Amino acid sequence: KFTEGLEKSRQNFLSDLRGIFDVKGASLDQTLEKLEDALLSADIGATTTDQILDDVKAVAQAQGDYTEQDVTAILRGRMAEALNAGGPSSLTSAAAGPTVILVLGANGMGKTTTIGKLARRLRAETGQKVLLAACDTFRAAAVEQLEEWAARAE
């Protein structure tokens, strides 16, 4: 079910990547710019994006050129590295008092849905009390959507 929920984002990202190599004769700078846009749009993160771009530049300089397969191999390696990096693999609660989880992101990225699913999971798996607060000034229906998710979490 989790994987199904990510399918749309995955397909959008893959489509963006394919679009990078559809333009024949694009310069390295043009390719890097499009790759950077695709990576940042997919929330890959600035640090990982910079590492991927540096790796592609290094391959292009070492080989005198680069291929779609080179870029794909670099992406796979860096993404696996980022996913396996250290750090907490689960949410932690404050030792005392409330725990605040702030969720930020661009419009249409699924923040409200993610917040609702997280609230339901925290209630079901840990028995924690959950308070949801909305501050989405862009979309009129955000509060109603969050209310629906809060009801589902109970």
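The coordinates are above.
All values derive from a computational prediction rather than experimental measurement.

Rules and cut-offs
Residues numbered from 1 in each chain as written. Predicted model: local features only at pLDDT ≥ 70, side-chain atom pairs only at ≥ 80, totals over all residues. Heavy atoms only, no water. Helix = DSSP H or I, 4+ residues; strand = E, 2+ residues; numbered from the N terminus. Buried < 20%, exposed > 50% of the residue type's maximum accessible area, 1.4 Å probe, protein only. Contact = heavy atoms within 4.5 Å. Areas by Shrake-Rupley, 256 points an atom, 1.4 Å probe, with all protein chains shown as cover. Patch = residues over 30% accessible without salt bridge, like charges linked within 9 Å, V, L, I, M, F, W, Y side chains within 5 Å. Salt bridge = Lys/Arg side-chain N within 4 Å of Asp/Glu carboxyl O. Lys, Arg positive; Asp, Glu negative; His and termini not counted. Charge placed at Lys NZ, Arg CZ, Asp CG, Glu CD. Axes fitted to C-alpha atoms, helices over the stretch in contact; angles between N-to-C directions. Parallel < 35°, antiparallel > 145°, perpendicular 65-115°, else oblique. Left-handed = near helix turned anticlockwise from the far one by under 90°. Nonpolar A, V, L, I, M, F, W, Y, C, P; charged D, E, K, R; others polar. Core = buried A, V, L, I, M, F, W, Y, C linked by side-chain atoms within 4.5 Å. Expected span 1.5 Å × (residues − 1). Arc of directions from axis to C-beta.

Notes on the overall build of the protein
Helix and strand counts for the protein stand at 6 helices and 0 strands. When the helices and strands of the protein are read in sequence order from the N terminus, they spell out α-α-α-α-α-α. The buried share of the protein, taken over its 154 residues, is 19%. Long-range contacts, defined as pairs at least 24 residues apart, comprise 45% of the intrachain contacts of the protein with a sequence gap of at least 6. Of the roughly 11,400 Å² that the protein leaves accessible, carbon and sulfur atoms contribute 53%.

Side note on a negative patch on the surface
Taken together, the side chains of Asp 16, Asp 29, Glu 33, Glu 36, Asp 37, Asp 50 and Asp 54 define an acidic patch exposed on the protein surface. Looking at the negative patch element by element, the count peaks at 4 residues for helix H2 (residues 28–41). Mapping Asp 29 onto the fold places it in helix H2. Among the residues examined, Asp 29 registers a relative accessible area of 60% and is labelled exposed.

A few points about the pattern of salt bridges
Inspection of every chain in the model, using the stated rule, returns 3 salt bridges. Note that Asp 55 is salt-bridged to Arg 78, the shortest N-O span being 2.6 Å. With Asp 55 in helix H3 (residues 46–63) and Arg 78 in helix H4 (residues 68–84), this residue pair connects regions lying 23 residues apart in the sequence. Between Glu 125 and Arg 121 there is a salt bridge, with the nearest N and O atoms lying 3.1 Å from each other. With Glu 125 and Arg 121 both in helix H5 (residues 111–126), this residue pair falls 4 residues apart, about one helical turn. Assessed through its relative accessible area of 58%, Glu 125 is described here as exposed. Under the relative-accessibility criterion, Arg 121 is labelled exposed at 53%. If you follow the salt bridges from partner to partner, you end up with Asp 55, Arg 78 and Glu 81 in one network.

Comments concerning the packing of H5 against helix H6 (residues 142–153)
Between H5 and H6, the shortest axis-to-axis distance is 8 Å and the interhelical angle comes to 20°. As summarised for this structure, H5 and H6 are arranged roughly parallel, according to the angle between their axes. Pair H5 / H6 crosses with right-handed handedness. Residues Thr 112, Thr 113, Ile 115, Gly 116, Lys 117, Ala 119, Arg 120 and Arg 123 of H5 lie in contact with H6, whose contacting residues are Ala 142, Gln 145, Leu 146, Trp 149, Arg 152 and Ala 153. Broken down by class, the residue content of the contact of H5 with H6 amounts to 6 nonpolar, 4 polar and 4 charged.

Here we look at the nonpolar core
With 16 residues, the main nonpolar core has Leu 17, Leu 35, Ile 52, Val 56 and Val 71 as its most contacted residues. Listed by contribution, the elements that provide at least two residues to this core are helix H1 (2–20), H2, H3 and H4. Residues in contact with Ile 52, not counting those within four places in the same chain, are Leu 35, Leu 39, Ile 74, Leu 75 and Arg 78.

Things to note about H3
An α-helix turns once per 3.6 residues; consequently, residues spaced three or four apart project the same way. Compared with the 26 Å implied by 1.5 Å per residue over 18 residues, the 26 Å span of H3 between its first and last C-alpha is a close match. Burial in H3 covers these residues: Thr 48, Thr 49, Ile 52, Leu 53, Val 56 and Ala 60. Each buried residue of H3 sits inside an arc of 135° when the element is viewed along its axis, so together they form one side. Turned more than 90 degrees off the buried face of H3, the exposed positions are Thr 47, Gln 61 and Ala 62. Phi turns positive one or two residues past the end of H3, at Gly 64, with a value near 80°.

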